[in-house]
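Summary of structural features
Each chain is listed here by its residues.
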Amino acid sequence: MVENLPRPDPGLNRSVDKINLLGLNRTDLEALFIEMGEKSFRASQVMKWLYQDGVHDFAEMTNLSKALREKLSEQTEIALPEVIEDHPSVDGTRKWLFKLDGDNSIETVFIPEEGRGTLCISSQVGCTLSCSFCSTARQGFNRNLSAAEIVGQIVLAAQLLGWPETQSDRKITNVVLMGMGEPLLNFDAVVAAMDIMQDDFSFGLSKRRITLSTSGVVPMIHELRNVSDVSLAISLHASNDKLRDQLVPINQKYPIAELLASCRDYVKGKAGRTRITFEYVMLEGINDSDADARALAKILQNVPSKVNLIPFNPFPGSPYKCSSMNRINRFRDIVHNAGITTVTRKTRGDDIAAACGQLVGEVNDRTRRSQRFEISVEKVAS
Ligand code: SAH
């Protein structure tokens, strides 16, 4: 057995003795091959098979010796989540419920747009934060995802979308960590997974094509600055601490001034970082007045920023309503006229409950539904 290498998370492990190759970045893979008595360049060969060619059967990895292929199948595996539900929306959005282990399932959403395809992935089963407008918060927290489970969502989604013949046919061009969970509270696995996504022998996604969204775990934003150059999105949602304390309770620990200071710092980090995206969910009568818009523009004055207004996606039992389109437009104009690029996110997948955490929220009464979905899952698998 190879020692000193990350063990796969039992969640995705068919056999606890095997290493899931999907969780290893190039450095770890090279170390694995060296321990196996092989040359380190095997790592890039295997990464290419896994992520670019979509080949997951060692026997088909024809540029590896037969002996190595046998060794790999004895000691390692390529283990993906399983599809439990597959919801195609009329607008092309596709939302999946993926099963990890036991009762642990997560959501992954594909959003096709002109010239790009964005995959929204999860980083935790549930969430420890209790943002009052988010349905994931209602489900509590079960566990962190392993790097293999984070990368596995991309690999599985690529399979389900039809693996491309060539890199240029690739359907997933962007990845956003905006699904379930708080990525910065699962730091090591998330950073390892983003490393894999950026590797030229893997998906080769540039820093602009990976966006990590956080509710504002300030110390980890500073950490991230030292090890990564991905795009950062902040779930701001309010321009004063009193309101943000209620909407995004982690604000009580890391208030807005500290959060914005960490953002300024992040932009100054590695070369080429341009600006931070601030997400702002539009809640009727709560954070959507003209005065709120002016206050938002004011606090962002000294941060290179872009604002993304998100129409609130209601879910059963949610205490809020979405602001009217007129209100959202007026709010957008005020912030925009203050010199900050401001866009309203298009609502997608309304017919499939595509808001964060909604699908898993429905899972509590899923016993019958899962039978219904067997049919669509079979269709997907074939
Ligand atoms: N924990 C991370 C990532 C998950 S949430 C974060 O807070 O950024 C991803 C985005 O969806 C966040 O901006 C979040 O505030 C928003 N969101 C959550 N629930 C929503 C809802 N019901 N309607 C609209 N946006 C929502």
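None of these values were measured; they are calculated from a predicted model.

Let us look at the sheet that holds strand S3 (residues 82-88). Read across the sheet, 10 strands follow the order S3-S4-S5-S6-S9-S10-S11-S12-S13-S14 without closing on themselves; strand pairing throughout is mixed. Strand pairing shows two members of the sheet lacking a second neighbour, S3 and strand S14 (341-344), which therefore form its edges. With direction set aside, neighbouring strand axes in the sheet form an average angle of 20°. Pairing of strand S12 (residues 276-282) with strand S13 (residues 305-311) involves 7 bridges; the strand directions are parallel. Following the sheet pairing, Glu279 is matched in S13 by Asn308. Strand contacts of helix H4 (residues 147-160): S3, strand S4 (94-99), strand S5 (105-113), strand S6 (116-120) and strand S9 (174-177), with the helix running at about 125° to S4, the strand carrying the most contacts.

With that out of the way, let us pick up the pattern of salt bridges. With the rule as written, the count across this model stands at 14 salt bridges. Between Arg143 and Asp101 there is a salt bridge whose closest N-O contact spans 2.9 Å. You can see Arg143 sitting in strand S8 (residues 141-144) and its partner Asp101 sitting in the loop between S4 and S5, a full 42 residues away along the chain. Residue classification places Arg143 among the buried residues on the basis of a relative accessible area of 15%. Of the charged contacts, one joins Arg332 and Asp333 as a salt bridge, the two residues approaching to 3.3 Å between their closest N and O atoms. Owing to a relative accessible area of 26%, Arg332 belongs among the partly exposed residues under this scheme. According to the relative accessible area criterion, Asp333 is partly exposed, its value standing at 35%. One salt-bridge network, held together by shared partners, links Asp101, Arg143 and Glu149.

Our next topic: empty space enclosed by the protein. Tallying each qualifying case throughout the model produces 1 cavity of 30 Å³ or more. Residue lining of the largest cavity: 13 residues in total, with Ala158, Pro164, Arg170, Lys171 and Ile172 positioned closest to the centre. Contributions of two or more residues to the lining of the largest cavity are made by helix H2 (42-53) and H4. When its residues are assigned to classes, the lining of the largest cavity shows 8 nonpolar, 3 polar and 2 charged.

In the vicinity of the ligand lie 19 residues, with Gly181, Ser213, Ser235, His237 and Asn313 positioned nearest. Here a nitrogen atom of the ligand and a backbone polar atom of Phe133 are 3.1 Å apart. One nitrogen or oxygen atom from the main chain of Asn313 is found 2.9 Å from a nitrogen atom belonging to the ligand. When the ligand sits alone it has 540 Å² of accessible area, and the protein chains cover 94% of it.

What follows concerns unusual backbone geometry. Phi is positive for His237, close to 65°, though the residue is something other than glycine. The topology assignment puts His237 in the loop between strand S11 (231-235) and helix H7 (241-247). Its relative accessible area of 3% is what places His237 among the buried residues.

Below, the discussion takes up the nonpolar core. Membership of the largest hydrophobic core comes to 108 residues, with the highest contact counts inside it found for Phe133, Met194, Met197, Leu224 and Phe278. The biggest single contributor to this core is H4, with 10 residues.

We now examine the packing of helix H6 (residues 218-227) against helix H8 (residues 256-268). Contact geometry for H6 and H8: axes closest at 9 Å, N-to-C directions at 5°. One element, H6, and the other, H8, form an angle in the roughly parallel class. Of H8, the residues touching H6 (which contributes Val218, Ile221, His222, Leu224 and Arg225) are Glu258, Leu259, Ser262, Asp265, Tyr266 and Lys268. Within the contact of H6 with H8, the residues separate by chemical class into 5 nonpolar, 2 polar and 4 charged.

Note that Asp229 resides in the loop between H6 and S11. In this structure Asp229 is buried but unpaired, with Lys207 as the nearest side chain of opposite charge at 4.5 Å. Among the polar contacts listed, one links the side chain of Asp229 to the side chain of Gln198, at a separation of 3.3 Å.

Right, let's talk about the confidence of the model for the chain for a bit. Confidence in the prediction of the chain, expressed as mean pLDDT, is 87, and 85% of residues score 70 or more. Low pLDDT, under 50, characterises residues 1-14; the stretch is placed with 44 contacts to residues that sit more than four places away or in other chains. Low pLDDT, under 50, characterises residues 361-382; the predicted model gives this stretch 21 contacts beyond four residues in sequence or across chains.

Criteria and cut-off values
- The numbers attached to residues start from 1 for each chain and follow its sequence in the written order.
- Totals for whole chains, interfaces and linings use every residue, but because this is a predicted model, local features are given only for residues with pLDDT of at least 70 and side-chain atom pairs only at 80 or more, for both listing and counting.
- Excluded from the side-chain calculations are hydrogens and water; all other atoms, namely the structure's heavy atoms, are used.
- At least two DSSP bridges between two strands are required for those strands to pair.
- Strands here mean DSSP runs of E at least two residues long; helices mean DSSP runs of H or I at least four residues long; both are numbered from the N terminus.
- To get an axis, fit a line to the C-alpha atoms, keeping to the stretch in contact for a helix; angles then go from 0 to 180 degrees between the N-to-C directions.
- The contact criterion used is simple: two residues touch if any of their non-hydrogen atoms lie within 4.5 Å.
- Think of a salt bridge as a Lys or Arg side-chain nitrogen and an Asp or Glu carboxyl oxygen that are within 4 Å of each other.
- For every residue, the accessible area obtained with a 1.4 Å probe (protein chains only) is divided by the maximum for its type, and the residue is called buried under 20%, exposed over 50%, and partly exposed between those limits.
- Points on a 1 Å grid, built from protein atoms alone, make a cavity when a 1.4 Å probe fits but cannot get out and make a pocket when they are open with protein on both sides within 12 Å along at least 5 of 7 lines; residues with an atom within 4 Å of a point are the lining residues.
- Grid points are joined across faces, edges and corners, and a volume is the space filled by probe spheres set on the points.
- Under the grouping applied here, Gly and all other residues not named as nonpolar or charged are polar, the nonpolar ones being Ala, Val, Leu, Ile, Met, Phe, Trp, Tyr, Cys and Pro and the charged ones Asp, Glu, Lys and Arg.
- The rule for a residue being near a molecule or strand is that one of its heavy atoms must lie within 4 Å of it.
- In the analysis that follows, any N or O atom pair within 3.5 Å is treated as a polar contact, provided that within protein one partner can donate a hydrogen and the other can accept it, and provided that, for residues neighboring in sequence, both atoms belong to side chains.
- The Shrake-Rupley method, run with a 1.4 Å probe, gives the accessible areas here. Residue values count only the displayed protein chains as cover.
- Residue types Ala, Val, Leu, Ile, Met, Phe, Trp, Tyr and Cys, when buried and joined through side-chain atoms within 4.5 Å, form a set referred to as a nonpolar core.
- An angle below 35 degrees is read as roughly parallel, one above 145 as roughly antiparallel, one from 65 to 115 as roughly perpendicular, and any other as oblique.
- We score Asp and Glu as negative and Lys and Arg as positive, and we do not count His or the chain ends.
- Values of pLDDT, ranging from 0 to 100, describe the predictor's confidence in every residue of the model.

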